[in-house]
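Chain by chain, the residues:
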Amino acid sequence: MEKSRIDLPIGITLDRFIKSNQSQYPNAAGELSQLLRDIALASKVVNREINKAGLVDIMGNVGLMNSGGDHQQKLDLLANTRFTRALSKGGEACGIASEETEQFIDLENNGKYIVTIDPLDGSSNIDVNVSIGTIFSIYKKQTPPSEPLQESDFLQKGRTQIAAGYILYGPSTMLVFSTGNGVNGFTYETTLGEYVLSHPSLLFKNASTYYSMNEGLSFDILDKGVTTYITNCKEKRMSGRYIGSLVADFHRNLLKGGIFIYPRTNQYPNGKLRLLFEANALAFIAEQAGGLATANEKAILDIQPIRIHQTVPFYTGPKEMVTTLLAHINH
Ligand code: AHG
Ligand code: MN
Ligand code: MN
């Protein structure tokens, strides 16, 4: 049954918004609300660190690689620590899987939920003062409360997400999330130290105005349909926009009407973006905002994960654009 939407005025705080919506989750007894608050609080701390990144020596590369093979930047690690600590203290989540750690972390409590997270997305943009983000998904633990957390608890289809969202650290910091009842965007009001509702009931703008793909990949794209689709975009004189921070590219397309494409390439034959840490959360948001998110054959949310750090090709945006792209790929 579709949950009824509660219309709340622009400008109300995240806390009040969460309280007003709590009645929709009679079985959650407030834990989900608290979990969202914990994530919001950690994001404020990360936001503070990001804002002073230019001033103190917390930027830059620590010389390690994460399990996806990317260089880990210092802020990646810091964000990972902040979110893990907040979730651990909160006690509502019993486990966390992060892009920055090889294995999931058992928080060893009785929390009902598990969280998957890309603590800092767009890390190649940290040291150039360009928008970056955090992406998170919340699931229910599947194994019975009496049993220890297992990897299978994290290998759930995105369709089972209870909530998902992202934080965009940009000119303003925004928290955009969904609990399965539409998508709402909150802007961080720095003087109040609060997120306030600024973008209620977000829906993908259906204008085919923008496309976002790293065109440096052009010679390495494995699906010719992608190349043809991009050529068509150019013939239609659409504008290309690509920041290289998934959260920023996705957010721009959500607001302005555009498609995001990260195809299969010679270097990344299964795509580069991570199913559990990036694609599932944004796919949840995309569908809740009336759009689509798919890999080559399936909706992202219907893919059965087989390992935590699995990657997928990722196409997301307004329904019509994604459907047309898929028709090119699979014709
Ligand atoms: P992360 O910083 O979490 O490793 O993610 C980087 C991702 C994503 O933000 C972006 O869409 C993509 O990598 C950019 O990849 P290319 O540089 O290959 O375009
Ligand atoms: Mn990322
Ligand atoms: Mn990351």
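By convention here, each chain's residues receive numbers from 1 onward along its written sequence. Starting at A for chains and at 1 for ligands, labels are handed out in the order in which the entities are written. Residue-level local features of this predicted model are given only where pLDDT is at least 70; pairs of side-chain atoms are given and counted only at 80 or more, and the full residue set underlies all totals for whole chains, interfaces and linings. The side-chain figures draw on all heavy atoms in the structure; neither hydrogens nor water molecules are used.

**Points about the pairing of strand E7 (residues 163–169)**
Line of reasoning, step 1. With a 1.4 Å probe rolled over the protein chains alone, any residue whose accessible area is under 20% of its type maximum counts as buried; one over 50% counts as exposed, and the rest are partly exposed. Only DSSP runs of H or I covering at least 4 residues are called helices, and only runs of E covering at least 2 are called strands; the numbering of each starts at the N terminus. Of all seven residues in E7, seven are buried; the element is thus mostly enclosed.
Line of reasoning, step 2. Side chains Ala163, Gly165, Ile167 and Tyr169 of E7 all project onto a buried face; the interleaved residues Ala164, Tyr166 and Leu168 project onto the opposite face, where all are buried too.
Line of reasoning, step 3. Only strands that DSSP links by at least two bridges are regarded as paired with each other. Count of turn residues in the E7/strand E8 (residues 173–178) antiparallel hairpin: three residues.

**Some thoughts on a nonpolar patch on the surface**
Line of reasoning, step 1. Together, Val128, Val130 and Ile243 line one region of the surface with nonpolar side chains, adding up to about 210 Å² of accessible area.
Line of reasoning, step 2. On the secondary structure map, Val130 appears in the loop between strand E5 (113–121) and strand E6 (132–140).
Line of reasoning, step 3. For Val130, a relative accessible area of 34% translates into the label partly exposed. Residues enter patches when they are more than 30% accessible in relative terms and free of salt bridges; like-charged ones are connected within 9 Å and nonpolar ones (Val, Leu, Ile, Met, Phe, Trp, Tyr) within 5 Å. Every accessible area reported is derived by Shrake-Rupley at a probe size of 1.4 Å, with residue values counting cover from the shown protein chains alone. Basic side-chain nitrogens of Lys or Arg form a salt bridge, by our definition, when they fall within 4 Å of a carboxyl oxygen of Asp or Glu.

**Notes on the packing of aromatic side chains**
Line of reasoning, step 1. Aromatic pairing here means that ring centres of Phe, Tyr or Trp (its six-membered ring) are within 6.5 Å. Orientation follows from the plane angle: under 30 degrees is stacked, over 60 is edge-to-face, and everything else is tilted. Counted by the stated rule, this structure contains nine aromatic pairs.
Line of reasoning, step 2. Both rings, one in Phe17 and one in Phe186, keep their centres 5.0 Å apart while their planes meet at 80°; by these two values the pair is edge-to-face. Note that Phe17 is positioned in helix H1 (residues 14–21) and Phe186 in strand E9 (residues 184–189), a separation of 169 residues in sequence. The exposure classification of Phe17 matches that of Phe186, with both residues buried.
Line of reasoning, step 3. By way of ring pairs, the aromatic residues Phe17, Phe177 and Phe186 are connected into one cluster.

**Let's talk about the coordination of the manganese ion (ligand 3)**
Line of reasoning, step 1. Only Glu99 (OE), Asp118 (OD) and Leu120 (O) from the protein reach the manganese ion (ligand 3) as donors, at distances of 2.1 to 2.5 Å.
Line of reasoning, step 2. Distances define the donors: N, O and S atoms within 2.8 Å of the metal qualify, as do those within 3.2 Å of Na, K or Ca. Water is excluded, so some sites may look unfinished. Read N to C, the donor residues that coordinate the manganese ion (ligand 3) are spaced as E-x18-D-x1-L.
Line of reasoning, step 3. Between the manganese ion (ligand 3) and the manganese ion (ligand 2), the interatomic distance is 3.8 Å, and Asp118 donates to each metal, bridging them. Of this pair, Glu99 sits in the loop between strand E3 (93–98) and strand E4 (105–106) while Leu120 sits in strand E5; the two residues are 21 residues apart in sequence, bridging distant segments of the chain.

**Brief notes about the nonpolar core**
Line of reasoning, step 1. With 44 residues, the main nonpolar core has Tyr166, Phe250, Ile300 and Phe314 as its most contacted residues.
Line of reasoning, step 2. Listed by contribution, the elements that provide at least two residues to this core are E3, E6, E7, E8, helix H5 (246–256), strand E13 (258–262) and helix H6 (275–288).
Line of reasoning, step 3. The dominant element in this core, judged by the number of residues it contributes, is H6, at ten residues.
Line of reasoning, step 4. The contact rule is simple, with two residues in contact once any of their heavy atoms fall within 4.5 Å. Filtering out sequence-adjacent residues up to four positions away, Phe314 remains in contact with Leu246, Phe260, Ile261, Tyr262, Leu273, Ala279, Leu282, Ala283, Ala293, Thr294 and Ile300.
Line of reasoning, step 5. Within the second largest apolar cluster, 40 residues are counted, among which are Phe17, Ile39, Leu78 and Ala79. Working definition of a nonpolar core: buried Ala, Val, Leu, Ile, Met, Phe, Trp, Tyr and Cys residues. They are joined through side-chain atoms within 4.5 Å.

**Thoughts on the domain arrangement of the protein**
Line of reasoning, step 1. Each domain's extent is set by a domain assignment, obtained either automatically or from a database. Structurally, the protein comprises domain 1 (14–199) and domain 2 (210–329).
Line of reasoning, step 2. The C-alpha centroid of domain 2 is placed 22 Å from the C-alpha centroid of domain 1.
Line of reasoning, step 3. Using a 1.4 Å probe, buried area is obtained as the accessible area two parts lose upon being combined, added over both of them. Summed over both sides, the interface between domain 1 and domain 2 buries roughly 3000 Å², with carbon and sulfur atoms accounting for 59% of that surface.
Line of reasoning, step 4. Summed over the three residues of domain 1 that lose the most area to domain 2, namely Leu155, Arg159 and Tyr166, the buried surface amounts to 22% of that side.
Line of reasoning, step 5. At the junction of domain 1 with domain 2, the criterion picks out three salt bridges.
Line of reasoning, step 6. Side-chain atoms alone can form a polar contact between residues adjacent in sequence; in general such a contact is a pair of N or O atoms within 3.5 Å, and within protein one must be able to donate a hydrogen while the other accepts it. Across the contact surface, domain 1 and domain 2 share 19 residue pairs in polar contact (both at pLDDT 80 or more).
Line of reasoning, step 7. Of all the secondary structure elements, the ones that give two or more residues to the side of domain 1 that touches domain 2 are E3, E5, E6, E7 and E8.

**Examining the site of ligand 1**
Line of reasoning, step 1. A single heavy atom is enough: if one lies within 4 Å of a molecule or strand, its residue is considered near that molecule or strand. With respect to spatial proximity, 18 residues lie near ligand 1, and among them Asp121, Gly122, Ser123, Tyr242 and Tyr262 are the closest.
Line of reasoning, step 2. The backbone of Leu120 places a nitrogen or oxygen atom 3.3 Å from an oxygen atom of ligand 1.
Line of reasoning, step 3. In the model, an oxygen atom of ligand 1 is placed 3.3 Å from a nitrogen or oxygen of the Arg274 side chain.
Line of reasoning, step 4. Coverage of ligand 1 by the protein chains reaches 87% of its 470 Å² of free accessible surface.

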